[in-house]
Amino acid sequence: MEDTLAQVKSPKDTARSDNSLEQTIGQDVSAITHTFIKIILKETDDIVLFENPSETVPRDSEEAAAVISANERYEYLTKGKGRNRRTTNSETQTVDCLYKSRAVNTDRIKQENIGTFVSNYEMFDTYEDLARSTQSLEVSDETKIVVTTYAREGEDDLGQFLNTSANFRHSAMIIQRLLAGNVFREKQKRFRNMYLPDPLAMDVKYHYTLEKLWSYQWIALSGYAVTSFSWCETNRDILAVGYGLFYLEPNQEQPDDGYVCIWSIKNPVNPERKFKFNAPVTALAFSPFYPQMLAVGLYDGSLEIRDFTDEYGTLITSTDRENSLGFESIWQINWLPGEGIFSEYGQLLTISVDGRIMKYSFTSGPYLSGIQLLRLSRVEGVVEGLPIAKKKDLMEAYRHPQALCLRIHPLRHHIYFVGTDEGCLHTCSLNYPQHHVAVCQVHKGSVYSIEYSPWSPKIFLTCGSDWCIRVWVEGIFKPVIELSSGFNAVNCAFWSPIHATIIASCSRDRVELWDIRRKTLKPASTHTFDSAPLTKIKFSKCGRSLIVGTADGTVHVCALENMPFPPHFQYIELQKAIYGAISGDLFDQVKSLGHLGYPTEKKKRPTSGST
């Protein structure tokens, strides 16, 4: 680097004369040489303010394999399947921080007295595992304990013994009832009508509330729809539920078999009887003559009678598949008084999807004896009832209508009614087989339910796929009341057993409560459930609860709260409600029929608190 020189002039030189200039210059030469300053500039060390090193390596280098493996694991833990990791909450021990020396202060050793219980079953399983997997235990480097097990000759496997022991399973069922009572005791009391509404209360409100008490669910029934209900005739705590096929949904796997579960309110958690069948269950009916007998109708047209008191559901009798006429689904079963030498067991009346009406009787052999009373044919021409246009192409394609519902007349027991998919109600008689007595058009679509009023043998309701519930009076071919609130088919409808003017109905997405004494334009209340589509409903025997079945195998047991008090004269209230809903010629026709209620000696008024 090039040096830089600087010259500094003294102030005294200005006062000197010109004659002494040369002398002055000569004298100051040495002084001027000492006033030069030499400055040297050199390069210093680098100061790093920011550095961003490269994190990539060449693929052909030695570190490439480790980097690729680390990148793949990072993707797996952040974006791949590895990001879903199970976490558990567990306790751990940490080292205590000692603020003083160990000689001065230490943690106090905690002592506790702990007791435990070990059953014979746990001891047996423990020694069984030790005998299979362990021959010795190492206590220290020099000490070992040899494990020796002893077995008694002729001793059976304890687990197999418990699985086949009827007494053990019966005891387990009793224990389950006791444990369930700790949780559902108050709700069981409500179902048993131990909490009745106070008729003298000052703040009574009629909201027609449906309050869920509990739900019957079993994990093995996932994918099976609730298709039928039946209450035991002598024990009103026992409910038989049939599981099978109800809705034909597109792109949905349909079950090939079915179940029947016997539920009791004493054990709402697990069914006390479980019977499996080779076909979906479509109909159930407890026998009124022998309450332990349960009639089961199947999707393949079979009919079986089983004894549900037996744990395995002993088959009492069934139809012969090789010689039976019926091969289509049995949709409803009704018990009839028996005839002949086996009259004490009764008879069964069934309807099927192919339009057959069959009557079965018990025999001395293993099979039921069945005869075909009638096979329905398509209705041609104009019939009494609702005026609708017939579809000729439908009649030509299907000669026999589907029989969907069955009801026996409450007084004339030889008369029964059958509803079909063409909306007709066929009146038939057991005394005149092979033909029907009368036919009436009651709906513009399929008829799903026929129910007589508990307070009148001449007033009944029907519901169907045309979104309507219609109330009819025998002898009048025009509905006196028509109820409709939506655009879904009404699967079933029932009269309340304790209130003459209340009707409960079920569609795919809701349960509706109607009170025809108050209003008929819309239901008194509507209730929905956060579950699968609804299939069936049914009142309890006492009338203060309602059971609701769904398409995913769940049965909801609901209590009817904030309901009107049952009137003392039930038929009079029903008559007033009907008279208030009609007018004109229809009123005159109903009025001309006179008294429509039951004869006094044949119908007694049940109490609302009966169980």
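Preceding this section is the structure that the text describes.
Starting from 1, residues in each chain are numbered consecutively following that chain's sequence as written. Per-residue local features are limited, in this predicted model, to residues with pLDDT of at least 70; the limit for side-chain atom pairs, both in listing and counting, is 80 or more; totals at the level of whole chains, interfaces and linings are taken over all residues. Side-chain calculation: all heavy atoms of the structure are included, whereas hydrogens and water are not.

Q: Any chance you could break down the overall build of the protein chain for me, citing the residues and the numbers?
A: Helix and strand labels come from DSSP, where a helix needs a run of H or I of at least four residues and a strand needs a run of E of at least two; each type is numbered from the N terminus. Per the secondary structure count, the protein chain includes nine helices and 31 strands. By sequence separation, contacts in the protein chain at least 24 residues apart represent 53% of the contacts at least 6 residues apart. Using a 1.4 Å probe, accessible areas were evaluated by the Shrake-Rupley method; residue-level cover was limited to the displayed protein chains. Total accessible area computed for the protein chain in this model is approximately 38300 Å², and 51% of it derives from carbon and sulfur atoms. Two residues qualify as a contact provided that any one of their heavy atoms is within 4.5 Å of a heavy atom in the partner residue.

Q: Go over the sheet that holds strand β7 (residues 273-277) with me, naming the residues and quoting the values.
A: Should DSSP find at least two bridges between two strands, the strands are taken to pair. As summarised here, the arrangement of the four strands in space is β4-β5-β6-β7, forming an open sheet in which the pairing is antiparallel. If you trace the sheet from one side to the other, it starts and ends with β4 (225-231) and β7, each paired once. Put simply, the sheet's adjacent strands are angled 20 degrees from each other on average, direction ignored. Here five bridges tie strand β6 (residues 258-264) to β7, and the two strands are oriented antiparallel to one another. Residue pairing in the sheet places Ile262 in a bridge with Arg273 of β7. Angles shown run from 0 to 180 degrees and are taken between the N-to-C directions of axes, each axis being a line fitted to C-alpha atoms and, for helices, limited to the stretch in contact.

Q: Lay out the side chain of Glu573 in plain terms, naming residues and giving numbers.
A: Along the chain, Glu573 falls in helix α8 (residues 570-581). On the basis of relative accessibility, which here comes to 18%, the residue Glu573 falls in the buried class. Excluding its chain neighbours within four sequence positions, the residues that come into contact with Glu573 are Thr501, Arg517 and Pro567. Between buried and exposed lies partly exposed: a residue is buried under 20% and exposed over 50% of the maximum accessible area for its type, with that area taken using a 1.4 Å probe on protein chains only.

Q: Quick one: what's the story with the packing of aromatic side chains, residue by residue and with numbers?
A: Two aromatic rings, drawn from Phe, Tyr or Trp (for Trp, its six-membered ring), form a pair once their centres lie within 6.5 Å of each other, and the interplanar angle then sorts them: stacked below 30 degrees, edge-to-face above 60, tilted otherwise. Applying the stated criterion across every chain, the model contains 18 aromatic pairs. Ring geometry for Tyr216 and Trp263: centres 4.7 Å apart, planes at 25 degrees, overall stacked. One end of the pair, Tyr216, is in strand β3 (residues 209-216); the other, Trp263, is in strand β6, with 47 residues separating them in the sequence. When sorted by exposure, Tyr216 lands in the same class as Trp263, which is buried. Centroid distance Phe417 to Tyr452: 5.9 Å. Interplanar angle 45 degrees. Geometry classified as tilted. With Phe417 in strand β18 (residues 415-420) and Tyr452 in strand β21 (residues 447-452), this residue pair connects regions lying 35 residues apart in the sequence. Accessibility expressed as a relative area gives 8% for Phe417, which makes it buried. Grouping aromatic residues by their ring pairs yields a cluster made of Phe184, Phe191, Trp214, Tyr216, Trp231 and Trp263. Charges are assigned to positions over rings by a cutoff of 6 Å between ring centre and Lys NZ or Arg CZ, combined with an angular limit of 35 degrees from the ring normal. Note that Lys274 overlies the ring of Trp218, its terminal NZ or CZ placed 5.3 Å from the centroid. Sitting above the plane of the Tyr247 ring, Arg508 keeps its charged end 4.6 Å from the centroid.

Q: So what's going on with the sheet that holds strand β27 (residues 511-515)? Which residues, and what values?
A: If you trace the four strands from one edge of the open sheet to the other, you get β25-β26-β27-β28, paired in antiparallel fashion. The open sheet has two edge strands, β25 (490-495) and β28 (525-527), and neither has a second partner. This sheet shows a mean twist of 20 degrees between the axes of neighbouring strands, independent of strand direction. Both strand β26 (residues 502-507) and β27 contribute to a ladder of five bridges, which runs antiparallel. In the strand pairing of β27, Cys506 is matched with Val511.

Q: How would you summarise the pattern of salt bridges if you had to cite specific residues and measurements?
A: When charged atoms on two side chains of opposite charge get close, those side chains can pair. Criterion for a salt bridge: a side-chain nitrogen of Lys or Arg within 4 Å of a carboxyl oxygen of Asp or Glu. A full pass over the atoms with the stated rule returns 18 salt bridges. Two residues, Asp466 and Arg470, come together in a salt bridge whose shortest N-O distance is 2.8 Å. Judged on exposure class, the residue Asp466 and its partner Arg470 are both buried.

Q: Report on helix α6 (residues 166-191), specifying residues and quantitative values.
A: The terminal C-alpha atoms of α6 lie 30 Å apart, and with 26 residues this falls more than 12% below the ideal 38 Å at 1.5 Å per residue. The quantity called bend is, for any residue, the angle between two axes fitted respectively to the seven residues ending at it and the seven beginning at it. Maximum bend of α6: about 80 degrees, positioned at Phe184. Every buried residue of α6 is accounted for by Met173, Ala180, Gly181, Phe184, Gln188, Arg190 and Phe191. Packing partners of the buried residues in α6 comprise β3, β4, β7, β30 (545-550) and β31 (555-561). Trailing α6 by a residue or two, Asn193 shows a phi angle of about 65 degrees, which is positive. Here the expected length of a helix is defined as 1.5 Å per residue gap, with one fewer gap than residues.

Q: Could you give an account of the nonpolar core, with specific residues and numbers?
A: Ranked by size, the top nonpolar core spans 27 residues in total, and within it Ile459, Ile469, Val471, Val480, Trp495, Ile503 and Ile516 carry the most contacts. Take this core: its biggest share by element is five residues, from α8. When sequence neighbours within four positions are dropped, the list of residues in contact with Ile469 reads Leu461, Thr462, Cys463, Ile481, Glu482, Leu483, Val490, Ala493, Ser505 and Trp514. By convention a nonpolar core is built from buried Ala, Val, Leu, Ile, Met, Phe, Trp, Tyr and Cys residues, the set being connected through side-chain atoms within 4.5 Å. Leu213, Trp214, Tyr259 and Ile547 belong to the second largest nonpolar core, which has 22 residues in total.

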